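# Structural overview for review
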Amino acid sequence: MPLPLPVLLVTLLVATGTPSGQASPEQGAPSLPSDAPRPPEPEGSGKPRDVVPSDAPVRSPDVEPSGVSNTEVAAPPRAEQVPVGPEGTQAPEAATDAERTKNYEEALIAWGLGEVERQVELAPQGKVLEEVLVAAEEVVAPMDPYPSLLNIFHVRTRDEVVRQEVLITPGQPYSEALVAESVRNLRKLGLFSVVRAVPVKGSAPDKVALLLVTKDLWSLRLNNEFSAVGSLLLYLRLQGTEQNFLGRGKKVALDFIMRLDTFSLGQSYTDRRVLGSRWSLTESAAVLINRDTGRAEGSRGSLVVSRPLYSLATPWSLSTSVAWNMETARQFRGADIWQLPFPDGEPVPYIYNAREVAAGATYTRSYGQRYKWNVGMGAGAYHYAYAAPVASQLTDAQADWFRRNYLPRAEDAGYANFSLSAFEARYDVLRNVDSYTLSEDFQLGHSVLATLRYAPPVFLSAAHFAEGGLSLRYRVHWGDALTTASAAASVRQQLNAPRPGVKEGWTNRRWAAELVQVSPRVLGGRFVARGLLDVNIDDLSERVSLLGGSNGLRGAAVDAYSGKRLLLVNLEYRTAPLVVRTVHVGGVFFLDSGSAFNKRPEMVTTVGVGLRVLFPQFNVFPFRIDFGYVLNGDRPPVGSRLSLSSGQVTEYRPGFLDSP
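On a predicted model such as this, the values are computed, not experimentally measured, just so you know. (Residues numbered from 1 in each chain as written. Predicted model: local features only at pLDDT ≥ 70, side-chain atom pairs only at ≥ 80, totals over all residues. Heavy atoms only, no water.)

## Looking at the overall build of the chain
From N to C terminus, the chain includes 6 helices and 32 strands. When burial is assessed residue by residue, the chain has 57% of its 660 residues classed as buried. About 25800 Å² of surface is accessible on the chain, with carbon and sulfur atoms providing 62% of the total. (Helix = DSSP H or I, 4+ residues; strand = E, 2+ residues; numbered from the N terminus. Buried < 20%, exposed > 50% of the residue type's maximum accessible area, 1.4 Å probe, protein only. Areas by Shrake-Rupley, 256 points an atom, 1.4 Å probe, with all protein chains shown as cover.)

Structural data, given as structure tokens:
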């Protein structure tokens, strides 16, 4: 149902919080793992194309719900062998009071040093670690433009929760590599807007202490994720969350998710340290309610228990999970259900019932030092069933045409899987890339992931296939610029005996490539360019990409263009932020050019301006408001050229690039 623009703006201001699925490593339902089978992925309006939405359950449960990515983990026994970032390796640069005011994190470091009354240790490496100090700033500090009374409603993260994530203990030699890794892990917990490490002088010349300066994100909050074009609200997620229950890092949440056809009510709980151990538990459940009838029409949920790769020295991990999804899937174009062009009669509504259940387990063994090898093995089973609902009243001819051309393929399978990831354990910290002023961690060098899966015909109705995928990424940090090149490909060999309606031979042939260039600072801001190509051939899931609006072609009508292939180019200049009492506000000038197509691309180009707003007390990614103008295509009404969303436009990318 379309909502007035003022309502959207009020929602933006009132529901300020971490965008769901961006800042926090767990969002009730874990993300799809790299070696999971590929069921049909919802392409709901306004959501990132080909990405499982944050409210969807895991379709296959080989998950690693950890603050440390399984494809970016190293295990160095000697710190001097590993290139490290700046965390914990050097003193913060000297700065005047005026410069500290402009640099949010440097101001917090200066405050933290004053709190513990210590001086920076300029050469900490190898000295005996005497103690770990924590300086935790209030969520609302004197420098922030909010009343300090709000601190009454927030429990700061307990010091012991911070210390238990530090990978070096008092009495051991100080290791710059382990300190840098500890800071990366703390940032990935989703509890803090700022984590910085500073070595400080100990009680003797041969001793050193580690100071961790932290600032919590507001934990009792209304997290949100939304997408709107003009007055049309495409997607809204409001999550009432205590993501740091009693300051202990536990997360409890109540979810409200509204789409054009349904809203869902659910809950989730995440415990990263069950009973103080290294085991993690995540569970979620939700009921789906039809907006027109007010009746329940489905449910979804998941349960994951795992021991993740929690540090660079962790030799193994284990994950087990189950998940289900029962829903009526409706594909929209704009505000209306997509009417598919049946060639011999009335159009067919793009609606189908989905019944999906999956379970499995994965064991991962980690090898190597600077150049890392992770080997994963697992097994699982799933049941996917899809059918047009009786309410669609399709004729036999329409139902057969719909099944052959658009309906995802029903499938039952038991499978064994194997994965191999290889990467370089080298990291850098940059600022003003995606989040204006906060530190961001980037893994540099190569990262390769290969997956193999075999599904034997264990039951009469089970699928029999073998499939493989390969993803490659290489990232270079040169000067103040960052270049990332990614590519992925997958293919599947059907081994079933010939059956009616079942494609034989090679299927699910897909490949994609992306190049992202972040320029050095220009007048304080940065140019960001991205090129993306996604090609599908013989897709068993009949995936269709929609383009237009906030998902990459800003200024065009929402979901105006569709096809099984996608070509997209984005060019932005993101200004340096203007800091108003710690609120960061910046501008964007952009050019988008893209096409969703089946055979040949017909590029549509738009230009426009935008606004970015970052509230570092509440989120680590900015909100964006963009207004675009179509240069060579159909131009929507002026109000529909305005789009609102969270995060940067470059986050709208196929998840296939990371896990084929």
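Now, onward.
## Section: the sheet that holds strand β3 (residues 207–216)
The 3 strands lie next to each other as β1-β3-β2, forming an open sheet whose pairing is mixed. Each edge of the sheet is formed by a strand with only one pairing partner; in this case those strands are β1 (128–137) and β2 (192–201). The sheet shows a mean angle of 20 degrees between the axes of neighbouring strands, taken without regard to direction. Relative to β3, β1 runs parallel, the two being bridged by 9 bridges. Pairing of V132 across the sheet is with L210, part of β3. Helix α3 (residues 104–116) contacts β1, β2 and β3 of the sheet and is inclined by roughly 50 degrees relative to β2. Here helix α5 (residues 176–188) sits on the sheet in contact with β2 and β3, set at roughly 160 degrees to β2. (Pairing = 2+ DSSP bridges. Axes fitted to C-alpha atoms, helices over the stretch in contact; angles between N-to-C directions. Contact = heavy atoms within 4.5 Å.)

## Observations concerning α5
Taking 1.5 Å per residue as the helical rise, α5 with its 13 residues ought to reach 18 Å, and the 19 Å between its terminal C-alpha atoms agrees with that figure. Among the 13 residues in α5, 10 count as buried, and that is most of the element. Of the residues making up α5, those classed as buried are A177, V179, A180, E181, S182, V183, R184, N185, L186 and R187. Close packing links the buried residues of α5 with α4 (159–163), β2, β3, β18 (427–430) and β19 (440–443). Looking one or two places after α5, you find G190, whose phi comes out positive at around 80 degrees. (Expected span 1.5 Å × (residues − 1).)

## A word on the packing of aromatic side chains
The full count for this structure, using the stated rule, is 13 aromatic pairs. With a centroid separation of 5.6 Å and 55 degrees between ring planes, the pair formed by W338 and Y350 is classed as tilted. With W338 in the loop between β12 (336–337) and β13 (339–340) and Y350 in the loop between β14 (348–349) and β15 (351–368), the pair connects residues that are 12 residues apart, well separated along the chain. The two residues W338 and Y350 agree in class, both being buried. (Phe/Tyr/Trp six-rings, centres within 6.5 Å; stacked < 30°, edge-to-face > 60°.)

## Some words on the pattern of salt bridges
For the structure shown, the criterion picks out 35 salt bridges. Residues joined by salt bridges that share partners form a network here, namely D434, R554, E572, R574, D592, R612, R624 and D626. (Salt bridge = Lys/Arg side-chain N within 4 Å of Asp/Glu carboxyl O.)

## Some words on the confidence of the model for the chain
In this model, the chain carries an average pLDDT of 79, and 82% of its residues clear a pLDDT of 70 or more. Mean pLDDT across the elements of the chain ranges from a minimum in helix α1 (residues 5–14), with 38, to a maximum in strand β27 (residues 565–574), with 95. Per-residue pLDDT stays below 50 along residues 1–101; that stretch engages in 334 contacts with residues further than four places along the chain or on separate chains. (pLDDT = per-residue confidence, 0-100.)

## A short note on the environment of T320
In this fold, T320 is placed in strand β10 (residues 316–330). It is 9.5 Å that separates the C-alpha atoms of T320 and G380, two residues lying 60 residues apart in sequence.

## Focus: the environment of H584
Tracing the backbone shows H584 in strand β29 (residues 583–597). Exposure remark for H584: the relative accessible area of 1% places this residue in the buried category. Between the C-alpha atoms of H584 and T437, which are 147 residues apart in sequence, the distance is 8.2 Å. When near neighbours in sequence (up to four residues on either side) are disregarded, H584 contacts Y104, Y436, T437, P577, L578, V579, R612, V613, L614 and P616.

## Side note on the nonpolar core
Core analysis: the largest hydrophobic core is formed by 23 residues, its most contacted members being L340, Y350, Y352, Y382, W401 and F402. Of all the secondary structure elements, the ones that give two or more residues to this core are β15, β16 (371–387), α6 (396–405) and β17 (411–424). Residues contacting W401, with those up to four places away along its chain left out, are L340, P341, F342, P343, V348 and Y406. (Core = buried A, V, L, I, M, F, W, Y, C linked by side-chain atoms within 4.5 Å.)

## Regarding the pairing of strand β31 (residues 623–630)
Bridge count between strand β30 (residues 604–614) and β31: 8 bridges; the pairing is antiparallel. Looking at the pairing, V609 lines up with F627 of β31. Direction of pairing for β31 relative to strand β32 (residues 642–646): antiparallel, over a ladder of 5 bridges. Across the sheet, R624 pairs through a bridge with S645, a residue of β32.

## Some words on a nonpolar patch on the surface
On the surface, V522, L523, F527, L571 and L591 cluster together into a nonpolar patch covering about 460 Å² of accessible area. You can see L591 is positioned in strand β29. (Patch = residues over 30% accessible without salt bridge, like charges linked within 9 Å, V, L, I, M, F, W, Y side chains within 5 Å.)

## Remarks on α3
Taking 1.5 Å per residue as the helical rise, α3 with its 13 residues ought to reach 18 Å, and the 19 Å between its terminal C-alpha atoms agrees with that figure. Those residues of α3 that fall on the buried side of the exposure criterion are Y104, E105, E106, A107, L108, I109, G112 and L113. Positive phi appears at E117, one or two residues downstream of α3, with a value of about 55 degrees.

## Digging into unusual backbone geometry
In this structure, Q393 is a non-glycine residue whose phi angle is positive, near 50 degrees. Tracing the sequence through the fold places Q393 in the loop between β16 and α6. For Q393, a relative accessible area of 67% corresponds to the exposed category. Positive phi values are uncommon outside glycine, yet N508 reaches one of about 50 degrees. Along the chain, N508 turns up in strand β23 (residues 505–518).

## Regarding the side chain of N374
Take N374: it is sitting in strand β16. Owing to a relative accessible area of 2%, N374 belongs among the buried residues under this scheme. There is a polar contact of 2.7 Å between the side chain of N374 and the side chain of S366. (Polar contact = N/O pair within 3.5 Å; in protein donor to acceptor, adjacent residues only side chain to side chain.)

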